[in-house]
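Residue strings, one per chain:
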Amino acid sequence: MWRLRVVHVAFSIASIAAAVAAPFAGTATGLALTVADAGVMLAAAVLATLPGIARRLDPHTGQRTPGWLTAACHVLRVAAPLAFLATIGAALAGMPARTDGTRAWWLPGIGIGAFQYAVTVGLGAFTLVTTFVLARMERPRERRALGGLAAWVVLMVAAGSANVMALGLLFWTAGFFGVPAGPSAPGPVGGKLFLDEPVWWTAGLVPLLLAGLVLVAVALWLIARAQARRLAPELKPYYLERDDARVVARTWALAGLTDRAGLVLGVLTGIGVAGSAAASAGYWLGLFTPDGGPAGLLATAGSWAMVAVVVALVAVGRRTYSDTRLRRTVGILWDICTFWPRAVHPLSPPCYTERVVPELMARVGVLAPTDRDQVVLSGHSQGSVLVAALVPQLGDVLRARVRLLTHGSPLRRLYAPFFPAYFGDAGLSAVRERVSWCNLYRLSDPIGGPVFRRVDPLAGGERDAVDRFCWDPARPGPGEPLPETRWHSGYWLEPSYDTALAGLVSVKPAA
């Protein structure tokens, strides 16, 4: 983990130093510092691509990471801060802006941002093409999120979110100390703080993204309404009151919109990528500038929207201290984000799964010390993911004493399409073959669902051995009001929960 952290931090601080030194590359000092900073960035990029950078042992040969790789990371660990401090020190001391016969950019690097913007768009396009090719080469039989391009879409969403927050802070700072302006802004400089044109173009994309989000919301509403109209007549025999059937149909249709999450991500990502490519082409070809007309209006509106995002995030963070429900929601999102090992995000807090799974294994060993003992692992929502990850880690003796009862489980609905290598058909089938398992699900649950096969309760059909459907809201008796919908919570209050628990306790262990 420390090697991954070194290459990430080294590249980051070297890129800052390069942006400071590059405007003075026309001088001997500036050129030397620019080359040094670029060398650190290149070394970090090369080290980051080596397979052994993120593991201790080669999974194919069992060989340990070569010593030269560790030594190279130690050298980079020292070289990066030295180059950074040397650059900042030289800048504070006052590097000459130019020498005779040379041309240099002025700080704060106006113009270099366009190059960085174009490189980012190019890297995104390259990643898209390679991911698409790899997804087509594999030809999986099971459903993959966004046609196998989920990793690229999530990467673009992450990069876009980071840009919105960072640029919102940039505009906020520029507005606090002066007047934000583009390089081509007319009139005297005065108190203007110049921001590169790509910064304004990114701000101009924000209103387009918001418009796309509104269009997607309208499309989802129409889809849910059409689905509710189809379900209402089918639910009429089960819910005696006509209005009850309509209410339940709307509830189920609304919960089913989770399966359309790919539409939202695809539209927003498409708008962002297409807009970024158009902005880059327009800048390099000199077609238009974001300082007037509709483009300027979009950029101005977007800049204020990004400032609002930053303010909203600060307000949400402050409110979590006093709002218990909001704090619980943030905590749930935090648990989901920190489930995976840190190899995918080396600067984040440690992965709690590496602590929870061993603790659960020890707890199971304490509760079931002999063959006469049984332990039922009841996992709700993210807890169902934890117990599914636990089962393959148990030994054969201890595993025979374990039963699984999951409810509101996102294993098939969300985790299998996005993480098929871990929770695909092979992984989930391996869990089912090793332990006795019962999974409760509702059609009103926007997160959970069946793990193996969804059987339409209205059409009948053979029921899966693991998945059990629960009516929600429950069917009222004659003259009784429609019970409250429980959505994703309260599975343990269902009569079917007690039935499933009793069945698991008395069932024979899986072969």
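All values derive from a computational prediction rather than experimental measurement.

For this particular structure, what's the right way to read helix α1 (residues 2–21)?
Count 3.6 residues to each turn of an α-helix, and residues three or four apart come out pointing the same way. Taking 1.5 Å per residue, 20 residues should reach 28 Å; α1 reaches 28 Å between its end C-alpha atoms and fits that length. Taken as a whole, α1 has its buried residues at Arg 3, Leu 4, Val 6, Val 7, Ala 10, Ala 14, Ala 17, Ala 18, Val 20 and Ala 21. In this structure, the buried side of α1 is in contact with α2 (28–49) and α3 (67–93).

Explanation requested: the pairing of strand β5 (residues 436–441) in the structure shown.
For a regular strand, side chains alternate in direction, first toward one face of the sheet and then toward the other. Most of β5 is tucked away, with six of its six residues classed as buried. Across the two faces of β5 the burial is the same, with Ser 436, Cys 438 and Leu 440 and Trp 437, Asn 439 and Tyr 441 all buried. Note that strand β4 (residues 402–407) and β5 share five bridges and pair parallel. The partner of Leu 404 across the bridge, within β5, is Trp 437.

Explain the sheet that holds β5 here, please?
Sheet strands pair by backbone hydrogen bonding; their relative direction is either parallel or antiparallel. Strand order in the open sheet made by the four strands is β3-β4-β5-β6, with parallel pairing throughout. Each edge of the open sheet is held by one strand with a lone partner, namely β3 (375–380) and β6 (467–469). Direction aside, neighbouring strands of the sheet carry axes that sit 20° apart on average. Note that β3 and β4 share six bridges and pair parallel. Looking at the pairing, Val 376 lines up with Arg 403 of β4.

Help me out: how do you make sense of the environment of Val 248 in this one?
By the element assignment, Val 248 lies in helix α7 (residues 242–255). Discounting chain neighbours no more than four positions away, the residues touching Val 248 are Leu 235, Tyr 239, Pro 473 and Leu 482.

Would you explain the packing of aromatic side chains in this entry?
Both the distance between ring centres and the angle between the ring planes are used here to describe each pair of aromatic rings. Summed over the entire model, instances satisfying the criterion amount to 13 aromatic pairs. Seen in terms of ring centroids, Trp 437 and Phe 452 are 5.5 Å apart; in terms of plane orientation they differ by 80°. Their pairing is edge-to-face. Taken together, the positions of Trp 437 in strand β5 and Phe 452 in the loop between β5 and β6 put the pair 15 residues apart, joining distant regions of the chain. On the basis of relative accessible area, Phe 452 is assigned to the buried category, the value being 18%. Where Tyr 441 meets Phe 469, the ring centres are 5.8 Å apart and the plane angle is 65°; that geometry is what we call edge-to-face. Highlighted residues: Tyr 441 in strand β5 and Phe 469 in strand β6, separated in sequence by 28 residues. For Tyr 441, a relative accessible area of 3% corresponds to the buried category. Through a chain of ring-to-ring contacts, the aromatic side chains of Phe 339, Trp 340, Tyr 352, Tyr 415, Phe 419, Tyr 422 and Phe 423 assemble into a single cluster. Sitting over the face of the ring of Phe 452, Arg 432 holds its NZ or CZ atom 3.8 Å from the ring centroid. Note that Arg 442 overlies the ring of Tyr 491, its terminal NZ or CZ placed 3.9 Å from the centroid.

Help me out: how do you make sense of the packing of α1 against α2 in this one?
Angle between the axes and distance between the axes: these two values describe a pair of packed helices. Across the interface, α1 lies against α2 with an axial gap of 8 Å and an inter-helix angle of 155°. In terms of their interaxial angle, α1 and α2 are classed as roughly antiparallel. For the pair α1 and α2, the crossing hand works out as left-handed. Contacts from Val 7, Ala 10, Phe 11, Ala 14, Ser 15, Ala 17, Ala 18 and Ala 21 in α1 reach Gly 30, Leu 33, Thr 34, Asp 37, Val 40, Met 41, Ala 44, Ala 45, Leu 47 and Ala 48 in α2. Across the contact of α1 with α2, the residue classes tally to 14 nonpolar, three polar and one charged.

Whenever I open this one, the pattern of salt bridges confuses me. Can you help?
Pairing between side chains of opposite charge can happen when their charged atoms approach one another. All told, the structure shown has nine salt bridges when counted by the stated rule. Between Arg 319 and Asp 323 there is a salt bridge, with its nearest N and O atoms 3.2 Å apart. Arg 486 is paired through a salt bridge with Glu 494; the nearest N and O atoms lie 3.7 Å apart. When its relative accessible area of 32% is taken as the criterion, Arg 486 is described as partly exposed. On the basis of relative accessibility, which here comes to 9%, the residue Glu 494 falls in the buried class. One salt-bridge network, in which partners are shared between bridges, spans Arg 442, Arg 486 and Glu 494.

Explain the packing of α2 against α3 to me, please; I cannot follow it from the model alone.
Relative to each other, α2 and α3 sit at 150°, their axes nearing to 9 Å. Between α2 and α3, the angle is such that the two are roughly antiparallel. Crossing angle aside, the handedness with which α2 passes α3 is left-handed. Here Leu 33, Asp 37, Val 40, Ala 43, Ala 44 and Leu 47 of α2 come into contact with α3, specifically with Leu 69, Ala 72, Cys 73, Leu 76, Ala 79, Ala 80, Ala 83, Phe 84, Ala 86, Thr 87 and Ala 90. Its residues placed into classes, the contact of α2 with α3 shows 15 nonpolar, one polar and one charged.

Would you mind showing me how to read helix α12 (residues 382–390) here?
A large share of α12 lies buried, amounting to eight of its nine residues. When we look at burial in α12, the residues that qualify are Gln 382, Ser 384, Val 385, Leu 386, Val 387, Ala 388, Ala 389 and Leu 390.

Which parts of the structure should I look at to understand the nonpolar core?
In this structure, Phe 339, Leu 377, Leu 404, Phe 423 and Trp 437 are the most contacted members of the largest nonpolar core, which totals 29 residues. In terms of residues, this core owes the most to one element, α12, which gives five residues. What Leu 404 contacts, discounting residues up to four positions off in sequence, is Leu 377, Val 387, Val 391, Val 431, Val 435, Ser 436, Trp 437, Cys 438 and Leu 504. Counting 18 residues, the second largest nonpolar core, distinct from the first, contains Val 216, Ala 245, Ala 249 and Leu 257.

Parameters at a glance
Residues numbered from 1 in each chain as written. Predicted model: local features only at pLDDT ≥ 70, side-chain atom pairs only at ≥ 80, totals over all residues. Heavy atoms only, no water. Helix = DSSP H or I, 4+ residues; strand = E, 2+ residues; numbered from the N terminus. Expected span 1.5 Å × (residues − 1). Buried < 20%, exposed > 50% of the residue type's maximum accessible area, 1.4 Å probe, protein only. Contact = heavy atoms within 4.5 Å. Pairing = 2+ DSSP bridges. Axes fitted to C-alpha atoms, helices over the stretch in contact; angles between N-to-C directions. Phe/Tyr/Trp six-rings, centres within 6.5 Å; stacked < 30°, edge-to-face > 60°. Lys NZ or Arg CZ within 6 Å of the ring centre and 35° of its normal. Parallel < 35°, antiparallel > 145°, perpendicular 65-115°, else oblique. Left-handed = near helix turned anticlockwise from the far one by under 90°. Nonpolar A, V, L, I, M, F, W, Y, C, P; charged D, E, K, R; others polar. Salt bridge = Lys/Arg side-chain N within 4 Å of Asp/Glu carboxyl O. Core = buried A, V, L, I, M, F, W, Y, C linked by side-chain atoms within 4.5 Å.

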